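Observations on the three-dimensional arrangement
These are the residues of each chain, in order.
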Amino acid sequence: MEKRLRFIRLASFVLIVGISGVKTEYGIDGIAGSRAPCPVEGQPVKVDHIDKSNCFSCICKNGFVECKSDMYCPPREGCHMIVETSRDQCCRKCKGCTYRNKHYESHTEWTDPENPCKVMRCEAGVVTVSDLQCYTPCANPLPPEPGKCCPTCPECKINGQEATDDRDVISDDHCLKCRCNKGKMTCSKQACPVLQCTARSQYHPPGECCPVCRGTRAVLTVAKTCRLQEIFMREGEKFSIDKCTNCTCLDETSICHRSACPVLDCAPDLQKSVPGSCCKQCIMPEEVRTQCSQGGRYYEDGQSWDLDACRSCKCHRGMPSCAMTRCNVTLPCAPGTKLVHLPGECCEKCVEVEGVCMVFGDPHYKTFDGKIYTFQGLGKYMLISECKSQSFSIRVANDFPNKISKTYAITKRVAVRYGDIRLNLQQKGRIKLNRKKIMLPYKKDGKLRIEKKNGNVEVFLQNGVKIFWSGKSFLEVTVPATYKNKLCGLCGNFNGNVQDDLKTKRGHLVRDSEILSFGGSWCAGSKATCAASSRNTKQLARTTFCSNYRPEKNQKNRCKFLGNPELVGECGSKLNYFKYYRTCKMDMCKCPNGKCYCDSLMAYARECEKLGVKLPEDWKVKSLCDDEKIKRPKLVKKPSFTTVDIQKYIKQNHFNRTRNPLMIH
């Protein structure tokens, strides 16, 4: 694992916490140092020298200090004209362009204000000027909008593929791009930009229109000159790089004019190069067919069909003409969201992440927003509730594990209320639905599904809520993003802010030292019941206080399993186990059975899996937390002698079945 240096890009997070920003000859480019843990989840972290650079900001995430760039750094990949910047700048930059006394950053595109059909693009100190070629794949196009070049189509479809505001559709001609804006589609084609790299450094990505540069290159610029590939030109000089591209050096920028080829209305097989021309032309066969054949099926002229979610075709003059949706490259998903590929969709999209709350051990709670705290509350408490409509809620009942152990509390029962469903999850996997015992698996009218896997109970509700219950003391509740900012209870409010999770039932925000007050406010029951629960909870907190757990002599510290790569894989690099180690030590302090570390290990393992860490399949067995008992065959005691042996013995010794009478004198 790389611990010395990580490069920072736009919105990219790092788990390497820097003692200082690393300055290269191109400006501040990264952070160096060692991994640093942090105690308060979600809290901003001040790091010397990093804050002074004004390039990065740091917060506590997953128990580690995580820093991100606060500045927008334009992409540099493929730039062969990286220029020197001042030492106080945060980004290395690709050389921009000057066009008509105005500066443009690299990778930007603009149109001529006086002629919207003329488009300019800046790439690494080169401006490519070309005329747009318009294409209207509809019968009745609308005239160009003010300030625009091309007519628009009233529908956003081409060959069966639908363009949207965030994705293009490309056809057989990969240089033809169709973009949808407010329900209207515009299709156009422009010339490929002139590249700063030489031909040997260029490559053509599959399915793309234009070649791109591979790698990067930093060069020293010389005043009043232009550099294009391996050509040096003085200010005002004209030059050509091929028969279709003519350039001029102006304001230290290569201004190159290149013609865009027209859109061809024929299949790729019919597009041929013509000597002396920069563009291909349609060479039509003498015999024109009216049917298309593809995949063993025939289609009439004008008929469309789908290949998959991203591609569709249309029969045109006996040849299939296909279009494909191109998913636009976007910035990384914002915090609190993740990139997913939904079934039936062509492109991935950023969606809000689910909320996960856990209850484990002597009860410890991990809220939806990531806060971990301990509340040893005896009695019944509101864990989760849909605050306004109260259409959904989960309560927990905490008690001593048995009548003997009075120094340790666990979550013993879970009550779920959803619509007309009253579900009670009890010890050893027993389930009651509306006060009646049920056998698993169980389904009800699409509203409820309950399964049992590896001894654990899994509940799936119609509203998207998932419940994982170990049948002992571990509980995990997952809610969809639709419940964001709508929940309350011991699991917090699910608003993305870990700092305000300790809100009482009346809405007062309390400090960490006031956990008993916070937890007591969510007591479920009458005033008398909650008052008794409060007294018992305070008594338990006084009697079970443990400052520092140490295993007894000749006994292993099972909490160290949390840092064992054989059990948790590479999770230590993604999630700091310090807080789980602390809850583990608390549980083991007054543990009645010696296995109280298992809940903390389970909680850490579940979090690791959510972060994409693949755990060993036998981690429960190796940690001695596997509850499955080994079934041994029952021993059947066989008699020393069979009936046949006894009869044989009697016959050999001439024994009589009748006993001689005992004579008494």
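Look up a bit, the structure's there.
Described below are features of the structure shown in this document. It should be emphasised that the depicted structure is a prediction, and the values quoted were computed from it without experimental measurement. Every chain is numbered on its own, with residues counted from 1 as its sequence reads. Confidence filtering applies because this is a predicted model: local features only for residues at pLDDT of at least 70, side-chain atom pairs given and counted only at 80 or more, and all residues used for totals across whole chains, interfaces and linings. Excluding hydrogens and water, the side-chain values take into account all heavy atoms of the structure.

1. Things to note about the environment of Met 284
The condition that has to hold: Each helix corresponds to a stretch of at least 4 residues labelled H or I by DSSP, and each strand to a stretch of at least 2 residues labelled E; elements are numbered beginning at the N terminus. Contacts are residue-level and defined by heavy atoms, with any inter-residue pair within 4.5 Å sufficient.
Counting through the fold element by element, Met 284 comes out in the loop between strand 29 (280-282) and strand 30 (291-294). As a C-alpha pair, Met 284 and Leu 270 span 14 residues in sequence and 6.3 Å in three-dimensional space. Aside from chain neighbours lying at most four places away, what touches Met 284 is Cys 266, Leu 270 and Arg 317.

2. Examining the packing of helix 5 (residues 578-589) against helix 6 (residues 597-610)
For the record, the criterion: Under this scheme, a helix contributes an axis fitted over its contacting stretch, all axes are lines through C-alpha atoms, and angles between N-to-C directions fall in the 0 to 180 degree range. Orientation labels follow simple angle bins: below 35 degrees gives roughly parallel, above 145 gives roughly antiparallel, 65 to 115 gives roughly perpendicular, and whatever is left gives oblique. A crossing counts as left-handed when the near helix is turned anticlockwise from the far one by less than a right angle, and as right-handed when that turn is clockwise. Side-chain classes follow a simple rule in which Ala, Val, Leu, Ile, Met, Phe, Trp, Tyr, Cys and Pro form the nonpolar group, Asp, Glu, Lys and Arg form the charged group, and the remainder, Gly included, forms the polar group.
In contact at an axis separation of 8 Å, helix 5 and helix 6 are set at 160° when each is read in the N-to-C sense. As judged from the angle between their axes, helix 5 and helix 6 are roughly antiparallel. Where helix 5 crosses over helix 6, the handedness of that crossing is right-handed. Only Tyr 597, Ser 600, Ala 603, Tyr 604 and Glu 607 of helix 6 make contact with helix 5, whose side of the interface consists of Tyr 580, Thr 583, Cys 584, Asp 587 and Met 588. Classifying every residue of the contact of helix 5 with helix 6 gives six nonpolar, two polar and two charged.

3. Considerations on the sheet that holds strand 42 (residues 410-418)
We count it as follows: Strand pairing requires that DSSP identify at least two bridges connecting the strands.
Within the open sheet, the seven strands sit side by side as 45-44-43-42-41-40-51. Their pairing is antiparallel. In this open sheet, the two edge strands, each paired with only one partner strand, are strand 45 (436-437) and strand 51 (487-488). Across eight bridges, the pairing between strand 41 (residues 392-399) and strand 42 is antiparallel. Counterpart to Asp 399 in the pairing with strand 42 is Ile 410.

4. As for the sheet that holds strand 25 (residues 238-242)
Pairing in this open sheet of six strands is mixed, and the strands run 12-13-14-27-26-25 from one edge to the other. In the strand order of this sheet, the two ends are held by strand 12 (108-112) and strand 25, each with one partner. Direction aside, the axes of adjacent strands within the sheet are offset by 25° on average. With six bridges joining them, strand 13 (residues 115-123) and strand 14 (residues 126-131) adopt antiparallel strand pairing. Paired with Val 119 across the two strands is Ser 130, which belongs to strand 14.

5. Overview of the pattern of salt bridges
Put simply, the test is: Salt bridge, as used here: a side-chain nitrogen of Lys or Arg that lies within 4 Å of a carboxyl oxygen of Asp or Glu. Burial status follows relative accessibility: with a 1.4 Å probe on protein chains alone, a residue under 20% of its type maximum counts as buried, one over 50% as exposed, and anything between as partly exposed.
On inspection of all chains with the given rule, the structure shows 17 salt bridges. Between Arg 121 and Glu 109 there is a salt bridge, and its shortest N-O distance comes to 3.4 Å. Separated by twelve residues along the polypeptide, Arg 121 in strand 13 and Glu 109 in strand 12 bring together distant segments of the chain. Given a relative accessible area of 42%, Glu 109 falls into the partly exposed group. We note a salt bridge from Lys 610 to Glu 476, for which the minimum N-O separation is 2.8 Å. Linking Lys 610 in helix 6 with Glu 476 in strand 50 (residues 475-479), this pair joins segments that are 134 residues apart in sequence.

6. Remarks on the environment of Met 185
Secondary-structure assignment places Met 185 in strand 20 (residues 184-189). As a C-alpha pair, Met 185 and Thr 152 span 33 residues in sequence and 5.4 Å in three-dimensional space.

7. Focus: the side chain of Ser 188
By secondary structure assignment, the location of Ser 188 is in strand 20. Take Ser 188: its relative accessible area is 19%, and that puts it in the buried class. When neighbours within four sequence positions are excluded, Ser 188 is seen to be in contact with Leu 132, Gln 133, Cys 134, Cys 150, Cys 175, Leu 176 and Lys 177.

8. Some remarks on the nonpolar core
Nonpolar side chains tend to gather and get buried jointly when the protein is soluble and globular. Put simply, the test is: By convention a nonpolar core is built from buried Ala, Val, Leu, Ile, Met, Phe, Trp, Tyr and Cys residues, the set being connected through side-chain atoms within 4.5 Å.
Judged by nonpolar contacts, the single largest core of 46 residues is most densely connected at Leu 383, Ile 384, Ile 394, Leu 423, Val 459 and Leu 475. Considering every element that reaches this core, the biggest residue donor is strand 40 (residues 379-386), with four residues. Among residues more than four places away in sequence, those in contact with Ile 384 are Phe 368, Phe 392, Ser 393, Ile 394, Val 477, Leu 487, Cys 488 and Cys 491.

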